[in-house]
Amino acid sequence: MAPTDDPTPASRGGRGFAKARAAFDGLRGHAGFWLKALSQPTIDLTLRTQAGQRTRIVESPGVSLPKAELDALVAQLRIVAAKTLPEESLTYGIFSGEPERLSRAVVTLISEEDTGRPIAFNALSVMDVPLDGEPAEVTHLGLVMVDPDVRGQGLSWVLYGLTALVLFARDGLRPKWISNVAQVPAVVGMVSDTFSDVFPSPQPGARQSFAHLQLARGIMARHRAVFGVGEEAGFDEARSVITNAYTGGSDALKKTFEIAPKHRDAVYNEFCERELDYGRGDDVLQLGRVDLAGARRYLMSEVPSGSLPALLAASAMLALQRLVLPVIYWLDDSRAFGTLRPRRHESGGAR
């Protein structure tokens, strides 16, 4: 006689059904997230990113949220900031009180699922910058803060990549420019590893194109307030390094090289130590692109392994690149892509 604690075929089948149901429910939740991301005029999405945590992504909260909800959101961000910098205060970006900052921001807020306590956030900003005589959008990766009590819990994949991926998908998978201002080797390395065509970077082949230079000049001329850099700060164009950067409301974020979080790859630590004067307060201004290659790298290397929705998303990316995406670009005559230009009426207006 078989031992009484040996699972019967029926019980094994029940457990298998339960696992399949759980996987389906998770997949359905992610599918709903992406459908909303692709269809909403302004994003306001919430999803469970890992056990015990929920992530909310809000685009343009300054105009998309009622005042009471906006005040509640900013209060949650301030809770995280107070835990991160208990004796300091920030006066730039979303903390400046200027409506324009919140109308151009994309906020990613991670909270505890059970208590609702906010534990981390990223505040991206969308900047208009001229490129080759035409207006272009650059998404600045923005201010990231994590409650010291939860550091080391693998939140960076949400804070640095998820929102950029959502915006990339919502915009029809067209390549998007991103920028990053940092003196932290861990962040400089993460940007170099995650995005495409990043400069400056110690990676072999990294070079400054004329597009990089145009965008950097435009950002420094028009958008210093986005990342708290004062007018007296200098800019070394050849190296894309901002000198004396902590003079425009971001003073509390200045670090020494010794305490700045390091990257697991020493090449980034050595690069930052060599290129930046930490005593003066230098930052690199990195520019890169979110594209399909970068999205695949992000999904395969940054998103926690074993995630079925992530693997399905990676497969979908490959399918879109090989089969569907060229057709979508060809049929969409309302926006430019590369050398393709929108069809125009005789009067000159784009259809």
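Residues numbered from 1 in each chain as written. Predicted model: local features only at pLDDT ≥ 70, side-chain atom pairs only at ≥ 80, totals over all residues. Heavy atoms only, no water.

Asker: Explain the overall build of the protein residue by residue, including any values.
Answerer: Along its length, the protein carries 10 helices and 10 strands. Taking all 351 residues of the protein together, 46% fall into the buried category. Summarising the internal contacts of the protein: among those between residues at least 6 apart in sequence, 65% fall at separations of at least 24. (Helix = DSSP H or I, 4+ residues; strand = E, 2+ residues; numbered from the N terminus. Buried < 20%, exposed > 50% of the residue type's maximum accessible area, 1.4 Å probe, protein only. Contact = heavy atoms within 4.5 Å.)

Asker: Give a detailed account of helix α5 (residues 156-170), specifying residues and quantitative values.
Answerer: For α5, with 15 residues, the first-to-last C-alpha span of 21 Å sits near the 21 Å given by 1.5 Å per residue. Helix geometry: α5 is bent most strongly at leucine 162, by close to 35 degrees. Counting buried residues in α5 gives 13 out of 15 residues, a clear majority hidden from the surface. At the exit of α5 stands glycine 172, carrying a positive phi of roughly 80 degrees. (Expected span 1.5 Å × (residues − 1). Bend = angle between axes of the 7 residues up to and from the residue.)

Asker: So what's going on with the side chain of serine 201? Residues and values would help.
Answerer: Structurally, the position occupied by serine 201 is in the loop between β7 (196-199) and α7 (210-222). Classification of serine 201 by relative accessible area gives buried; the value is 11%. Side chain to side chain, serine 201 and serine 192 meet in a polar contact 3.2 Å long. Within polar-contact distance, the side chain of serine 201 engages the backbone nitrogen of glutamine 203 at 3.1 Å. Non-local contacts of serine 201, meaning those with residues more than four positions away in its chain, are made with Ser192, Ala206, Tyr268 and Phe271. (Polar contact = N/O pair within 3.5 Å; in protein donor to acceptor, adjacent residues only side chain to side chain.)

Asker: Outline the pattern of salt bridges, supporting the account with residue identities and numerical values.
Answerer: Note that side chains of opposite charge can pair when their charged atoms are close. All told, the structure shown has 15 salt bridges when counted by the stated rule. One salt bridge in this structure joins arginine 56 and aspartate 44, with 3.0 Å as the shortest N-O distance. Here arginine 56, found in strand β2 (residues 53-59), pairs with aspartate 44, found in strand β1 (residues 44-50); they are 12 residues apart in sequence, far enough to count as distant. Residue class for arginine 56 comes out partly exposed when judged on its relative accessible area of 23%. Note that arginine 289 and aspartate 197 form a salt bridge whose closest N and O atoms lie 3.7 Å from each other. (Salt bridge = Lys/Arg side-chain N within 4 Å of Asp/Glu carboxyl O.)

Asker: Give me the pairing of strand β4 (residues 118-131): which residues, what numbers.
Answerer: In terms of residue burial, β4 counts as a mostly covered element, since 12 of its 14 residues are buried. One ladder, built from 7 bridges, connects strand β3 (residues 105-112) with β4; its direction is antiparallel. Bridging across to β4, serine 111 finds its partner in proline 118. Between β3 and the antiparallel strand that follows it, β4, lie 5 residues; glycine 116 among them carries a positive phi value of about 80 degrees. Of the strand pairs in this sheet, β4 and strand β5 (residues 134-146) are connected by 11 bridges, and their pairing is antiparallel. Bridging across to β5, valine 126 finds its partner in threonine 139. (Pairing = 2+ DSSP bridges.)

Asker: Help me get a handle on helix α8 (residues 266-275), residues and values and all.
Answerer: Looking only at α8, the buried set comprises Tyr268, Asn269, Phe271, Cys272 and Glu275. Buried residues along α8 cover an arc of 160 degrees about the axis, so they all sit on one side. Packed against the buried residues of α8 are α6 (185-194), β9 (241-243) and β10 (283-290). (Arc of directions from axis to C-beta.)

Asker: Describe the side chain of glutamine 286, and please don't skip the residues or the numbers.
Answerer: The topology assignment puts glutamine 286 in strand β10. If we skip the residues at most four places from it in the chain, glutamine 286 touches Ile178, Ser179, Asn180, Val188, Val191, Ser192, Val198, Phe199 and Pro200.

Asker: Provide a residue-level description of the nonpolar core, including the pertinent values.
Answerer: One finds Val191 and Phe195 to be the most contacted residues of the largest nonpolar core, which totals 48 residues. Those residues in contact with phenylalanine 195, other than ones at most four positions away along the chain, are Leu141, Tyr160, Ala164, Ile178, Arg289, Val290 and Arg297. Counting residues in each nonpolar core, the second largest holds 42 residues, with Val74, Val80, Leu109 and Leu287 among its members. (Core = buried A, V, L, I, M, F, W, Y, C linked by side-chain atoms within 4.5 Å.)

Asker: Could you give an account of the packing of aromatic side chains, with specific residues and numbers?
Answerer: Applying the stated criterion across every chain, the model contains 1 aromatic pair. Look at phenylalanine 257 and tyrosine 278: their rings are 5.4 Å apart centre to centre, the planes differ by 70 degrees, and that puts the pair in the edge-to-face class. Of this pair, phenylalanine 257 sits in the loop between β9 and α8 while tyrosine 278 sits in the loop between α8 and β10, and the two are 21 residues apart along the sequence. With respect to class, phenylalanine 257 is no different from tyrosine 278; both count as buried. In this structure, lysine 262 is placed above the aromatic ring of phenylalanine 257, and the distance from its NZ or CZ to the ring centre is 4.5 Å. (Phe/Tyr/Trp six-rings, centres within 6.5 Å; stacked < 30°, edge-to-face > 60°. Lys NZ or Arg CZ within 6 Å of the ring centre and 35° of its normal.)

Asker: Talk me through a negative patch on the surface; I want residue IDs and the actual numbers.
Answerer: On the surface, Glu258, Asp265, Glu270 and Glu273 cluster together into a patch of negative charge. Position of aspartate 265 relative to the elements: it lies in the loop between β9 and α8. Classification of aspartate 265 by relative accessible area gives partly exposed; the value is 35%. (Patch = residues over 30% accessible without salt bridge, like charges linked within 9 Å, V, L, I, M, F, W, Y side chains within 5 Å. Areas by Shrake-Rupley, 256 points an atom, 1.4 Å probe, with all protein chains shown as cover. Lys, Arg positive; Asp, Glu negative; His and termini not counted. Charge placed at Lys NZ, Arg CZ, Asp CG, Glu CD.)

Asker: So, the pairing of strand β6 (residues 176-182): which residues are in play, and what are the values?
Answerer: With 7 of 7 residues buried, β6 is to be regarded as a mostly interior element. Pairing of β5 with β6, which is carried by 3 bridges, proceeds in the parallel orientation. Among the inter-strand pairings, valine 138 is bridged to a residue of β6, identified as tryptophan 177. Regarding the hand of the β-α-β motif, the stretch spanning β5, α5 and β6 is right-handed. Across 7 bridges, β6 lies against β10 in antiparallel orientation. Counted as the bridge partner of valine 181 is leucine 285 from β10. (Right-handed = clockwise from strand over helix to strand, strands pointing away.)

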